[in-house]
Amino acid sequence: MELTGKRIVLGVTGGIAAYKAAELVRLLGRTGAEVQVAMTEGATHFVTATTFQALSGRPVYLDQWDARMPNAMAHIDLSRQADLIVIAPASADFLARIANGMADDLLATMVLARDCPLLVAPAMNRQMWENPATQRNVRQLGEDGVAFIGPVSGEQACGEVGAGRMVEPEDIVEAVIAHFAPKCLAGRKVLITAGPTFEAIDPVRGITNLSSGRMGYAVARAARQAGAEVTLVSGPVAFSPPQGVDRINVRSALDMHAAVLARAADSDIFIAVAAVADYRVANAAEHKLKKDHGGVPAIELVENPDILAEVAALPEGPFCVGFAAESRNLDDYAQAKRRKKNIPLIAGNLIQDGFGGDDNRLVLFDDAGSHPLTPAPKAVLARQLIEHIAKLTGNR
Ligand code: PMT
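Everything numeric in this text was worked out from a predicted model, so none of it was measured. Throughout this document, residue positions are counted from 1 along each chain, in the order its sequence is written. Confidence filtering applies because this is a predicted model: local features only for residues at pLDDT of at least 70, side-chain atom pairs given and counted only at 80 or more, and all residues used for totals across whole chains, interfaces and linings. To get the side-chain values, take all heavy atoms of the structure and skip hydrogens and water.

A. Focus on the domain arrangement of the protein. For the domains described, the bounds stem from an automatic or database domain assignment. As far as domains go, the protein holds domain 1 (7-180) and domain 2 (189-393). Between the C-alpha centres of domain 1 and domain 2 the distance comes to 39 Å. Whether two residues are in contact is decided by their heavy atoms: any pair within 4.5 Å suffices. Taken together, the five residues of domain 1 in the interface contact five residues of domain 2. Overall, the association of domain 1 and domain 2 removes approximately 450 Å² of surface from exposure, summing both partners, and the carbon and sulfur fraction of that is 47%. Accessible-area loss on putting two parts together, using a 1.4 Å probe and summing over both, is the definition of buried area adopted here. Its largest share of buried area at the contact with domain 2, domain 1 owes to E174, I177 and A178, together 78% of the area lost on that side. In the sections that follow, a salt bridge refers to a side-chain nitrogen of Lys or Arg positioned within 4 Å of a carboxyl oxygen of Asp or Glu. Across the pair R221 and E174 runs a salt bridge whose closest N-O atoms are separated by 2.8 Å. The term polar contact refers here to a pair of N or O atoms within 3.5 Å; inside protein, the definition further demands a hydrogen-donor-capable atom paired with an acceptor-capable atom, and it admits residues adjacent in sequence only when both atoms are side-chain atoms. Here domain 1 is connected to domain 2 by two residue pairs in polar contact (both at pLDDT 80 or more). Residue polarity follows a fixed list, in which Ala, Val, Leu, Ile, Met, Phe, Trp, Tyr, Cys and Pro are nonpolar, Asp, Glu, Lys and Arg are charged, and the others, Gly among them, are polar. For the side of domain 1 that touches domain 2, a count of residues per class yields three nonpolar, no polar and two charged.

B. Geometry of the packing of aromatic side chains. Only the six-membered ring of Trp is used, alongside the rings of Phe and Tyr, when aromatic pairs are assigned; centres must lie within 6.5 Å, and planes under 30 degrees apart are stacked while those over 60 apart are edge-to-face, with the rest tilted. One pass over the structure, following the stated rule, counts one aromatic pair. Relative to F239, the ring of Y217 has its centre 5.7 Å away and its plane inclined at 55°; by these criteria the two rings are tilted. Residue Y217 is found in helix α9 (residues 214-225), and its partner F239 is found in the loop between β11 (229-234) and β12 (246-249); the two are separated by 22 residues along the sequence. Classification of Y217 by relative accessible area gives buried; the value is 3%. The helix and strand labels rest on DSSP assignments: H or I over at least four residues marks a helix, E over at least two residues marks a strand, and numbering proceeds from the N terminus. The cut-offs for exposure are 20% and 50% of the maximum accessible area for each residue type, with area from a 1.4 Å probe on protein chains only; residues under the lower value are buried, those over the upper are exposed, and the others partly exposed.

C. Region of the structure containing the sheet that holds strand β2 (residues 34-39). Reading across the sheet, the five strands line up as β2-β1-β3-β4-β5 and stay open at both edges, with parallel pairing between neighbours. Each edge of the sheet is formed by a strand with only one pairing partner; in this case those strands are β2 and β5 (147-148). Here the rule is simple: two strands pair whenever DSSP picks up at least two bridges between them. With four bridges joining them, strand β3 (residues 84-90) and strand β4 (residues 118-122) adopt parallel strand pairing. By the bridge assignment, I87 is partnered in β4 with V120. Lying on the sheet, helix α1 (residues 18-30) is in contact with β1 (7-12), β2 and β3; it crosses β1 at an angle near 170°. Helix axes are fitted to C-alpha atoms over the stretch in contact, other axes to C-alpha atoms as well, and angles between N-to-C directions run from 0 to 180 degrees.

D. Structural detail: the side chain of T40. Mapped onto the elements, T40 comes out in the loop between β2 and α2 (49-56). In this structure, T40 is in contact with V12, T13, G14, F94, R97, D105 and L107, ignoring residues within four places of it in sequence.

E. Region of interest: the pairing of β1. For β1, the tally of buried residues reaches five of six residues, placing the bulk of the element in the interior. Handedness of the crossover joining β1 and β2 through α1 is recorded here as right-handed. For β1 and β3, the ladder comprises four bridges, and the chain directions are parallel. Bridging across to β3, L10 finds its partner in V86. By convention a crossover is right-handed if, when the strands point away from the viewer, the path from the first strand over the helix to the second runs clockwise.

F. Broad picture of the site of the ligand. We call a residue near a given molecule or strand whenever any one of its heavy atoms falls within 4 Å of it. Taken together, 25 residues lie around the ligand, and S211, A272, A274, K337 and G356 are the ones closest in. Between an oxygen atom of the ligand and a side-chain N or O atom of N349, the distance comes to 2.7 Å. In the environment of the ligand, an oxygen atom lies 3.2 Å from a nitrogen or oxygen atom belonging to the backbone of G354. Compared with its free state, where it exposes 770 Å², the ligand has 95% of that area covered by protein. Secondary-structure elements contributing two or more residues to the shell around the ligand are α9, α11 (307-312), β16 (319-326) and α12 (330-341). The Shrake-Rupley method, run with a 1.4 Å probe sphere, supplies the accessible areas, and residue values consider only the shown protein chains as cover.

G. The nonpolar core, seen in detail. Throughout this description, the term nonpolar core refers to a set of buried Ala, Val, Leu, Ile, Met, Phe, Trp, Tyr and Cys residues connected via side-chain atoms within 4.5 Å. One finds I192, V219, I271, F323, I386 and I389 to be the most contacted residues of the largest nonpolar core, which totals 34 residues. Those elements that place two or more of their residues in this core are β8 (189-194), α9, β11, β13 (269-272), β16, β17 (345-350) and α14 (378-393). Ranked by residues supplied to this core, first place goes to α9 with seven residues. Apart from the residues within four sequence positions on either side, I192 is in contact with G216, V219, A220, A223, V230, T231, L232, V233, I271 and V273.

H. Spotlight on helix α5 (residues 106-113). A large share of α5 lies buried, amounting to seven of its eight residues. Every buried residue belonging to α5 is among L106, L107, A108, T109, M110, V111 and A113, and all of these are buried. Among the structural elements, β1, β2, α3 (74-81), β3, α4 (92-99) and β4 are those in contact with the buried residues of α5.

I. Examining the environment of L345 more closely. Mapped onto the elements of the fold, L345 is located in strand β17. Considering only alpha carbons, one finds L345 and H388, 43 residues apart in sequence, at a separation of 9.5 Å. Dropping the residues within four chain positions of it, L345 is found in contact with F319, C320, V321, G322, R338, L364, F365, D366, L385, H388, I389 and L392.

J. Here's a closer look at unusual backbone geometry. Cis geometry marks the peptide bond from A88 to P89, where omega comes out at -5°. Tracing the sequence through the fold places P89 in strand β3. The omega torsion of the bond from G150 to P151 falls at 10°, within 30 degrees of zero and hence cis. As for its position among the elements, P151 is in the loop between β5 and β6 (152-155).

K. Examining the packing of α4 against helix α7 (residues 132-143) more closely. One can describe the packing of α4 onto α7 by two numbers: an axis separation of 9 Å at closest approach and a directional angle of 50°. With respect to their mutual orientation, α4 and α7 come out oblique. The crossing of α4 and α7 is left-handed. Touching A92, L95, A96, I98 and A99 of α4 are T134, N137, V138, Q140 and L141, all from α7. Each angle receives one of four descriptions, namely roughly parallel if under 35 degrees, roughly antiparallel if over 145, roughly perpendicular if within 65 to 115, and oblique otherwise. Crossing handedness follows the turn of the near helix against the far one: under a right angle anticlockwise gives a left-handed crossing, and clockwise gives a right-handed one.

The structure is reproduced here in structure tokens:
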């Protein structure tokens, strides 16, 4: 698991978003992290310590004078045990206190006494967030090396709309994983395609396939977590882009071709995960086809450009990685595709493993031969693929 062995102290401060911290504890626990919760007095007015104790499996710390620490120094012991302190939600009051180096409760004292990084997820009313005092505190904390995630804009508990909502727990977990991930692609520009394409027959009908986008989005997330600058050219899928990834939405193979070719020469690495339609409809109708007009419509197909092969043929082009989904003879067909498209690396998967679900079974094929990866969630395989690409590209 991504965070096995990592010790995270989660500080919860007073705000309605404290209820989301309960989900955060659960999600962090699922990554293998050891989570120790500490709360301000304000936080206990929104969620009880019992909730966090049940979810983390550890007693929750509430005050500096907690007698459970043999040396009566909870602030020192807790911060020394942590690889990372996360404050979620962080209230305006808490930001003000730590920006000024105050140590007037357990959590603030722990932050002051820490020797590990600090990640803060603010949550407050939009006017409190926009207030020059809060913005001054945020700037100060940024200068002090504190990392921020959010807040985002949206509807607030008070009924107002604006910036100040805490980012979702899933995004905080992603930021924590990114914090610990080896930065093996730092400084590289990575271009990725994901999802299916949709080839219109008429304004409401089309030819598409069962790619969900999960594999491509996992690769984009892993590349970002490895420190790359990531652009994701995505066919129609149901997901939000991973944190920090620049997404370009496209529909057809021709749209994808244009979006990729416009950026490929400026990229260091191109990873083609999309299931691109090999053919499009030559005679797509401008208006909806009517059933009672002229009998069964004849659909004429024309070949789409091969995006990956074109990028691979660019002089001084990026390092190219393809994907191959096959229903049989994976090794032969994937290797044949790798040779035909003239690319150094291809990731093969069987269609019954690859399409749709959260898990996959990948075999990597390169000049050194085949490298089967243990079946795993797409997120895990994506990280292994990125590490393999980093090894093959070295300092290129
Ligand atoms: O999205 P998910 O549900 O998670 O599913 C993931 C996946 C199964 C779609 C993915 O893992 C995968 O295998 N993608 C490649 C699908 C495929 O078989 O593509 P292909 O054999 O048609 O093409 C081979 C390679 O050329 C691919 O990298 C493809 O992106 C690229 N290609 C193909 C045709 C084309 N016109 N342009 C291309 O760039």
